[in-house]
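Structure at a glance
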Amino acid sequence: QQPSASMTMGAAITMIFGTFIGGGVQVTNVTRYAKNAKTAFIASLLAFFIGNAFMMLGGAYSGIVYGLGDLVEVMKVQGIVIAGALLLLLNIWTTQDACMYALSIAGCALVHTEKRQTWVIIGGAVGIVIAMMGIYNHFFGWLDLLGTFIPPIAGIVISDYWFRFKQNVPALSEKVFSSINFAGIITYVLSCGIAYFTPGLPPVNGIVSAIVLYAILSKIPALIGPMNESFKE
């Protein structure tokens, strides 16, 4: 098979990051319900490196054989329409369920409210509108953006855990920040700029710069804000 166009190594790695990083950042919203850390680790390992890798292999192979990258469409061509429809239903159901859950958690934490249903309705409506506008036709560009702008979030989470939580910062189940975490916001903006404009691998540049910048900025009390008991997770 001779590809019709070439792709740089940086673009390829960024696109691969795009397929993983969104789930990687949000997976803790689900694995926190696991009975222990070992179970959470094994489940994530199986899902990302075996389950997702198998789906990517199936999509690539189908693309070579049928010229189609959509597994559901491939199954339709093969004559197994019912199985394809079931796959489509379960895929959308489970994926969007996790996305809505993640959105509701983030939204409630952002404005200090427990009205998760409101965020689910808003997110669902926005998602439907974006889908109807044809976002699927720009899927690879979307993966490229995810691979550039999501890794800094992961870097902030990692840095906050190792450089703040591990240094006797109260657990989130007991206390949370009562004001905006400006250190996190500043770090994210700067890291996105570094990932987008600097040469090399955008995902790596973004996540590494976020870890370093947040470790520095989080030491400035004015950028973190006071802690109190006014809001519990």
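Just so you know, the residues in each chain are numbered from 1, in the order the chain's sequence is written. Per-residue local features of the predicted model are confined to residues with pLDDT of at least 70, and side-chain atom pairs are confined, for both listing and counting, to 80 or more; whole-chain, interface and lining totals are unaffected and use all residues. As a rule here, side-chain values cover all heavy atoms of the structure and leave hydrogens and water aside.

**Brief notes about the confidence of the model for the chain**
Detail in the predicted coordinates should be disregarded across regions flagged by low pLDDT. Per-residue pLDDT for the chain averages 83, and the proportion of residues at 70 or more is 90%. The predictor's confidence in any single residue is recorded as pLDDT, a number from 0 to 100. Contact between two residues is taken to exist if any of their heavy atoms lie within 4.5 Å; hydrogens are not considered. Scored below 50 in pLDDT, residues 171–175 makes eight contacts in the model with residues more than four places away or belonging to other chains. Under a pLDDT of 50 for its full length, residues 227–233 has, in the predicted model, 17 contacts with residues more than four places off or in other chains.

**Brief notes about the packing of aromatic side chains**
Here the aromatic set is Phe, Tyr and Trp, taking the six-membered ring for Trp, and pairing holds for ring centres within 6.5 Å; pairs whose planes are under 30 degrees apart are stacked, those over 60 apart are edge-to-face, and all others are tilted. Scanning all chains against the criterion turns up six aromatic pairs. Ring plane angle 20 degrees and centroid distance 5.9 Å describe the contact between F149 and Y196, whose orientation is recorded as stacked. Here F149 is found in helix α7 (residues 139–149), whereas its partner Y196 is found in helix α9 (residues 182–197), with 47 residues between them in sequence. Residue F149 is classed as partly exposed on the basis of its relative accessible area of 26%. Accessible area is worked out with a 1.4 Å probe on protein chains only. A residue is then buried under 20% of its type maximum, exposed over 50%, and partly exposed in between. A residue is classified by how much of its surface remains accessible, and Y196, at 52% relative accessible area, is exposed. By the ring-pair criterion, three or more aromatic residues cluster together here, those being Y136, F139 and F140. Numbering goes from the N terminus for both helices and strands, where a helix is a DSSP run of H or I of at least four residues and a strand is a run of E of at least two.

**Brief notes about the side chain of T14**
Examined against the element boundaries, T14 turns out to sit in helix α1 (residues 9–26). Polar contact is defined as a pair of N or O atoms within 3.5 Å, subject to the rule that within protein one atom must be able to donate a hydrogen and the other to accept it, and that residues adjacent in sequence are counted only when both atoms are side-chain atoms. Only 2.8 Å separates the side chain of T14 from the backbone oxygen of G10, close enough to count as a polar contact. With sequence-adjacent residues up to four places away left out, T14 is seen in contact with L143, D144, G147, T148, P202 and P203.

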